[in-house]
Each structure stands twice: as C-alpha cells, then as structure tokens.
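Coordinate analysis (summary)
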Amino acid sequence: MSSIRVDAPGLLTTVQDLGRPGFGAIGVSPSGAADPISLRLGNRLVGNAEGAAALEMTLLGGSLAFPDGGVVALTGSDFGARIDDSPVDMGTSLEIRPGQTLRLGPTLSGARCYLCIHGGIAVPPFLGSASTHLLSGLGGFEGRALGKGDLLRVGPRSVSFRRRAIAPRLAELLSRRGVLRVTPGPQAEWFDKSSLRAFYSDTYRVSEQSSRMGLRLEGPPIMQSMNRAMITEGVSLGAVQVPPSGLPIILFVEQQTTGGYPKIANVISADLHRLGQLRPRDEIRFELVSFESARSLLIEQENLLASPESILE
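Parameters and conventions
- Residues numbered from 1 in each chain as written.
- Predicted model: local features only at pLDDT ≥ 70, side-chain atom pairs only at ≥ 80, totals over all residues.
- Heavy atoms only, no water.
- Helix = DSSP H or I, 4+ residues; strand = E, 2+ residues; numbered from the N terminus.
- Rg over C-alpha atoms; globule rule 2.2 N^0.38 Å.
- Buried < 20%, exposed > 50% of the residue type's maximum accessible area, 1.4 Å probe, protein only.
- Contact = heavy atoms within 4.5 Å.
- Areas by Shrake-Rupley, 256 points an atom, 1.4 Å probe, with all protein chains shown as cover.
- Lys, Arg positive; Asp, Glu negative; His and termini not counted.
- Charge placed at Lys NZ, Arg CZ, Asp CG, Glu CD.
- Core = buried A, V, L, I, M, F, W, Y, C linked by side-chain atoms within 4.5 Å.
- Pairing = 2+ DSSP bridges.
- Axes fitted to C-alpha atoms, helices over the stretch in contact; angles between N-to-C directions.
- Parallel < 35°, antiparallel > 145°, perpendicular 65-115°, else oblique.
- Left-handed = near helix turned anticlockwise from the far one by under 90°.
- Nonpolar A, V, L, I, M, F, W, Y, C, P; charged D, E, K, R; others polar.

1. Some remarks on the overall build of the protein chain
Counting secondary structure elements, the protein chain contains 5 helices and 23 strands. In terms of overall dimensions, the protein chain is globule-like: its C-alpha atoms have a radius of gyration of 20 Å, near the 20 Å expected for 313 residues. Dimensions of the protein chain, computed from C-alpha atoms along their principal axes, come out at roughly 65 × 40 × 30 Å. Counting only residues that meet the buried cut, the protein chain has 52% of its 313 residues in that class. In the protein chain, the proportion of contacts linking residues at least 24 apart, taken out of those at least 6 apart, comes to 77%. Just so you have it, the protein chain exposes about 13800 Å², and 55% of that area is on carbon and sulfur atoms. For the protein chain, the separation between the mean place of its 31 positive charges and that of its 30 negative charges on side chains is 1 Å.

2. Some words on the nonpolar core
Judged by nonpolar contacts, the single largest core of 43 residues is most densely connected at F199, I250, L275 and F286. In terms of residue count, the dominant contributor to this core is helix α1 (residues 36–45) (4 residues). The residues touching I250, leaving out its near neighbours within four places in the chain, are L180, G214, L215, L217, G238, A239, V240, V267, L275, I284 and F286.

3. With respect to the sheet that holds strand β19 (residues 249–251)
Read around the closed barrel, the 7 strands follow the order β14-β21-β18-β19-β16-β15-β22; overall the barrel is mixed. Recorded for the sheet is a direction-independent mean angle of 40 degrees between the axes of neighbouring strands. Across the sheet, helix α3 (residues 193–201) touches β14 (179–184), β15 (204–206), β18 (239–241), β21 (263–267) and β22 (283–288), and the angle it forms with β21 is around 30 degrees.

4. A word on the environment of A167
By the element assignment, A167 lies in the loop between β13 (165–166) and α2 (168–174). Judged by relative accessible area, which is 9%, A167 ranks as buried. Sequence separation of A167 and I311 is 144 residues, and the distance between their C-alpha atoms is 5.5 Å. In contact with A167, other than residues within four places in its own chain, are E309, S310 and L312.

5. Some points on the packing of α1 against helix α5 (residues 291–306)
Put simply, α1 and α5 touch, their axes get as near as 12 Å, and they point 20 degrees apart. It follows that α1 is roughly parallel to α5 by the angle criterion. α5 is crossed by α1, and the crossing has right-handed handedness. Of the residues in α5, those touching α1 at I37, R40, L41 and R44 are Q301, E302, L305 and A306. Of the residues assigned to the contact of α1 with α5, the class counts are 4 nonpolar, 1 polar and 3 charged.

6. Looking at the sheet that holds strand β10 (residues 112–117)
Across the sheet, 5 strands lie side by side as β2-β3-β10-β5-β8; this open sheet has antiparallel pairing. What marks the edges here is a single partner per strand, and that holds for β2 (13–16) and β8 (93–96). Adjacent strand axes in the sheet meet at a mean angle of 30 degrees, parallel and antiparallel pairs treated alike. Across 4 bridges, strand β3 (residues 54–58) lies against β10 in antiparallel orientation. In the sheet register, T58 faces β10, and the bridge partner there is R112.

Shown next, in the form of structure tokens:
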C-alpha cells in the first residue's frame, strides 16, 4: 500500500467519509464530511466510490508528502494549494509523482477543503465508517485530528490516471452559501409572528464559537411567545435550536442526538453542504420553503450530481 506523510497538519485535518447514520439511538451522531457533496465529487474525480475516506481540512491546510505518488483531487474551498512550487487547480484530478509534496495555505473562499486520493485513506472502520468523531475520540486516524509525522495508508491503485474536472455549472451552484433554505421546525408555533418575521428577514453572523457540533449564530435574539418547558427529544442534522439567549444554533455533523431547546426551523437536505463551508464571521439569511419544495430541491440536486455532464473528461 502507498502512503501519505503529514509534514504539517494545518489547523484541523481529519479523516472523513460520508459518516455513520443510524446510531442516534445509542447516542452516536453520524459525523462525516461537513461538506459531503465536495467529498463525493472529489472521489468521483479520482475514480473512487463516492463515500471513500478522504482528508477534510478546515480554514488552514498543511503540508503532505507523497513518497509513492498518487492520483488526487482537491474540492470544496480553495486553500491555494501547490505541488512543490506549481499551483494546483481545484476540482480537477491530477497525478502526484513519487517524492512530491502538496502544500496548502489559508482558505481563499469557504471553510473546508477535501483531499481525495485514488484508493481512499485506509483506516480501521468504526461502526462501518472511517469518519473521525472528534468529541468522542472515535473513528478516523486514532480518533483525532492529524499531527506532524503521522503516516496514512492509502488503498491499492486499481485504475490508470484519467484527467477529470467538475463542470463549471455544478461548481458555481455548489459555491453558493449566503442563504440557507429551511422548513418549519417542530416547535415553530412557539414563536409569535413578529419573532418568525425577524428570523426570516434578519441577517446572522457565524460565531467564532462554532464547531463541528454546532454553528452558533450572532444577531437579533429570537424570543418565544411564552415560556414553555419541553421534554428532551431527538434532534436532526440541520435543526435550528433557540436556547434561552435567543441566539440560534444550527446542529451540525457531530451534534448531540437529543436536545431540550425548541427548534424553530431545519435546514433542508439540499443545503446541508452549505453549512460545511461557513466560516466564522460569515453572514447568512434563512429562507422558508415548504416540505414539498425541499424534497423537489433535493431530487433536482441529486439528478444534477448524477448527470454524466457533471464531470468532464
């Protein structure tokens, strides 16, 4: 098997795949790529199954040496990557020669960049997934973010190099992140009309206190129409909780699996990848859509991703 050596890990680099759904009943959230569409597309570019394990880098990339070379692709946000001294195109497969080093810097666009390599990152699965769950220290590479000197194994190479690129139309569509479309939450009626109006018209800023567990928002507080106590219940990815402070929290990929705050809305499935590219201080707005529209938007997105025209050869 070939390998990748971590010479500098960056700010937060972890092994991620598409997560481990289905274990919420035992308190394990899915984890997985914060921007799953970027991971899926990157794996397609290098000839992997869409859910193969890759590296997720957050805000600042590192330096990775390839003693044996490899076929790689960078997707998601632009981290100004270079191989030795040559700039690297985003959203395009490329071949790294043995002994070359890939260096990435601070983000030039969104929050996360994905490095997919043909063969995938080979780590022992936990509950059927290679994803790192940082809060519990499970999965991925020893359950933690990568550190200097780590050596990652890569699955065997099975195909020859083919140059592929993400179609411009798809890349442009996936780069949008300023508006999050939502459906009403199960406790939406706990908020009066003026609070709901404010929630859908005001602009919020992503807090520095955000993490893979949740995106904390700063802005005008949203208050309930009356004080009510609720029984803790199961929560879903993308749920927008409103704690007593009135400042919303969007539950993210390492969310707690239950919660006792009312949920005013839920980010639709077609926009969950946008959450993964939000940086601290980014501004967002919420747009209300119907459940029927949310389903149609997801089907439209999946059809676009599955289209042969989404990847150019």
